[in-house]
Amino acid sequence: MMIKIKQLFPIFLFFTSVFFFLSPNKAWGHSFVIKESPVPNSQLEAPPKEVVITFDKKVERELASLKVTDEKQQEVTSNPPQFSDNQEEMTLELPKLKEGNYKVEYYAISSNDGHPIRGAYHFSVVDVNPTPDRQGTIVEPEPQHPSSEGKAMTVDSGSNLEPALAEASLAEWLIYMMRAIYYIGLLLIIGWVFWWRYIQDYSIDLQKKYLFWGIVFQMVHLVGLLSMILIQLNIFTVKGLAFPPDFPFGTNFGLMWLISLFASLIGFIILFRNKWCDLGWIMILLLAKSLNGHSLEFEPSTVLVISNSIHLMAASIWASGLTFILVFWRKQRLYVQSFLPLFSRYALISMLILSITGLFAGIAFISSFEQFLTGWGIVLLSKVVLVVFVIIIGAFIRYAIKKRKKPDSGKLVLLDFLLMMVIIILVSILTYLSPIS
């Protein structure tokens, strides 16, 4: 028998209280760049002695990097960056630079919520003593302009604008892909555990195949989770793999990643055996994810964390239900057809929950209309449009089921599944970009 909804609330509140008690960070909030020196796209008559990146809040020194490269993509110094005592300022001392274009690239992790802060820009050193040509005319140096890559990666002083999606580098798209794998695995395995309570009434053959797919989704989630942790560690550099000497387990995001990894590994042992273990596992994974994202950047953070957990749970039920239908449609159609009315009801409830919690998060995150003009805002609007299409398709699916048009409902479910995958990809991008303008 399934656990009743009213039984979930005290359990959920218990896990929420435990996680907030364990969290080592009380001063939550997202860090972003407030100053860059030299100024982006500046032309300097004297070579700078250092590059300084200033953040509004503390960042993790162990996970930060700062480098300056010349026109030949060679680093001008191998010295590591130095940090101020409050870890809000990152400085790289420079040797005497020659005339030319230089590129600054930096990466940091917010100590409070684990949000990555990545930026790059150009500056140039110009010849202050122009030489005369053969006719004795003094030739002024031509203005130095950053390359198109530099324009794509420029972060203006005092802002935290992310690289434009249309001009994102290969590394950025690789990060988006890894994040998409993580979210696909997360949603599918949580929902797969949820639907297992109903699947136990089906045939033994279907149950075995269902458990097999459960292992597959656990593996996808584990691979995605490890990829996310490696991204946070910023081990992918132009010189290959570079592992930091220490991982900040004492921070909120470090602890949450550790809990998520432990839950993912132990899930291979305990899942699909006991309903209370399954429920506890789901709660831990949801809260660990919700306590490691944008929800902590805004007030009321506690309510937003709970709302985000409910949002993820509803998305998991919808995504995994669609996946079940597609996986077993061809060889287990009778069971799938009996599953469709149940899924339709849960999908309707999930869409209502997703709309309410999504609206609540939007109200909390958005403080001005200008945020819709950022990369984050554009991705958010794209997601909203696709969700509207999903709701419309869901209405057609319910209509087809009531009219007993099973082939039509199958095609609509396939379309719904494809839209779901696109939405998950958008979510992976949305959670990487910062909503703070």
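Only a predicted model underlies this, so the values are computations on that prediction, with no experimental measurement involved.

Cut-offs and rules
Residues numbered from 1 in each chain as written. Predicted model: local features only at pLDDT ≥ 70, side-chain atom pairs only at ≥ 80, totals over all residues. Heavy atoms only, no water. Helix = DSSP H or I, 4+ residues; strand = E, 2+ residues; numbered from the N terminus. Buried < 20%, exposed > 50% of the residue type's maximum accessible area, 1.4 Å probe, protein only. Areas by Shrake-Rupley, 256 points an atom, 1.4 Å probe, with all protein chains shown as cover. Contact = heavy atoms within 4.5 Å. Salt bridge = Lys/Arg side-chain N within 4 Å of Asp/Glu carboxyl O. Patch = residues over 30% accessible without salt bridge, like charges linked within 9 Å, V, L, I, M, F, W, Y side chains within 5 Å. Expected span 1.5 Å × (residues − 1). Polar contact = N/O pair within 3.5 Å; in protein donor to acceptor, adjacent residues only side chain to side chain. Core = buried A, V, L, I, M, F, W, Y, C linked by side-chain atoms within 4.5 Å. Pairing = 2+ DSSP bridges. Phe/Tyr/Trp six-rings, centres within 6.5 Å; stacked < 30°, edge-to-face > 60°.

**Q** How would you summarise the overall build of the protein if you had to cite specific residues and measurements?
**A** In terms of regular secondary structure, the protein is built from 10 helices and 10 strands. When burial is assessed residue by residue, the protein has 52% of its 437 residues classed as buried. Summed over all atoms, the accessible surface of the protein reaches about 21500 Å², with 64% contributed by carbon and sulfur.

**Q** Tell me about the environment of Ser428, and please be specific about residues and values.
**A** Mapped onto the fold, Ser428 is located in helix H10 (residues 406-430). C-alpha of Ser428 to C-alpha of Met178: the two residues are 250 residues apart in sequence and 8.6 Å apart in space. Contact partners of Ser428, with chain neighbours within four places excluded, come to Tyr176, Arg179, Ala180 and Tyr183.

**Q** Could you give an account of the pattern of salt bridges, with specific residues and numbers?
**A** Any two side chains of opposite charge can pair, so long as their charged atoms come close to each other. Summed over all chains, the structure comprises 3 salt bridges. Ionic pairing is found between Lys67 and Glu105, a salt bridge with its closest N-O pair at 3.7 Å. Within this pair, whereas Lys67 is found in strand E4 (residues 65-69), its partner Glu105 is found in strand E7 (residues 100-109), the two being separated by 38 residues in sequence. Its relative accessible area of 16% is what places Lys67 among the buried residues. The shortest N-O distance in the salt bridge between Arg197 and Asp278 comes to 2.8 Å. With Arg197 in helix H3 (residues 170-199) and Asp278 in helix H6 (residues 275-290), this pair connects stretches of sequence that are 81 residues apart. Considered together, Arg197 and Asp278 belong to a single accessibility category, that of buried residues.

**Q** Tell me about a nonpolar patch on the surface, and name the residues and values.
**A** A contiguous nonpolar patch, built from Val384, Val385, Val388, Phe389, Ile392 and Phe396 and spanning about 530 Å² of accessible area, is present on the exposed surface. Following the sequence through the fold, Phe389 ends up in helix H9 (residues 375-402). Assessed through its relative accessible area of 45%, Phe389 is described here as partly exposed.

**Q** If you had to explain the side chain of Thr54 to someone new, which residues and values would you point to?
**A** With respect to the secondary-structure elements, Thr54 resides in strand E3 (residues 50-55). Ignoring any residue separated from it by four or fewer positions in sequence, one finds Thr54 in contact with Phe32, Val33, Ile34, Lys35, Glu88 and Glu89.

**Q** If you had to explain H6 to someone new, which residues and values would you point to?
**A** Given 3.6 residues per turn, any residue in an α-helix points the same way as the ones three and four places further on. Taking 1.5 Å as the rise per residue, H6 with 16 residues should run 22 Å; its terminal C-alpha atoms sit 22 Å apart, in good agreement. Burial of H6 is extensive: 12 of the 16 residues sit out of reach of the surface. Listed in full, the buried residues belonging to H6 are Asp278, Leu279, Gly280, Trp281, Ile282, Met283, Leu285, Leu286, Leu287, Ala288, Lys289 and Ser290. For H6, the side-chain oxygen to backbone nitrogen distance between the N-cap and Trp276 is 2.8 Å, and the N-cap itself is Asn274.

**Q** So, helix H7 (residues 301-328): which residues are in play, and what are the values?
**A** Counted at 1.5 Å a residue, the expected span for H7 with its 28 residues is 40 Å, and the 40 Å between its end C-alpha atoms agrees. The buried fraction of H7 is high, at 21 of 28 residues.

**Q** With reference to specific residues and values, describe the nonpolar core.
**A** Core analysis: the largest hydrophobic core is formed by 72 residues, its most contacted members being Ile190, Trp195, Tyr210, Trp281, Trp318, Phe324 and Ile325. A total of 16 residues in this core trace back to one element, the largest contributor, which is H3. Contacts of Trp318, omitting those with residues within four sequence positions, involve Phe343, Ala347, Ser350, Met351, Val390, Asp416, Met420 and Ile423. With 22 residues, the next largest nonpolar core counts Leu92, Leu94, Tyr102 and Ala108 among its residues.

**Q** Let's hear about the sheet that holds strand E5 (residues 82-83): which residues, and what values?
**A** An order of E1-E3-E6-E5 is seen for the 4 strands of this open sheet, with the pairing classed as antiparallel. Each end of this open sheet is capped by a strand with a single partner; those strands are strand E1 (33-37) and E5. Here E5 pairs with strand E6 (residues 89-93) via 2 bridges, running antiparallel. Along E6, the bridge assignment pairs Gln82 with Thr91.

**Q** Give a detailed account of the sheet that holds E4, specifying residues and quantitative values.
**A** The pairing of strands in a sheet happens through backbone hydrogen bonds and is either parallel or antiparallel. An order of E2-E8-E7-E4 is seen for the 4 strands of this open sheet, with the pairing classed as mixed. Each having just a single partner strand, strand E2 (43-44) and E4 make up the two edges of the open sheet. As paired strands, E4 and E7 are joined by 5 bridges and run antiparallel to one another. Of the residues in E7, the one forming a bridge with Ser65 is Tyr107.

**Q** Quick rundown of the packing of aromatic side chains? Include the residues and the values.
**A** For the structure shown, the criterion picks out 22 aromatic pairs. With 5.7 Å between their ring centres and 20 degrees between their planes, Tyr102 and Phe123 make a pair best called stacked. Remark: Phe123 occurs in strand E8 (residues 116-125) and Tyr102 occurs in strand E7; sequence separation between them is 21 residues. For Tyr102, a relative accessible area of 6% puts it in the buried group. Judged by relative accessible area, Phe123 falls into the buried class, the value being 2%.

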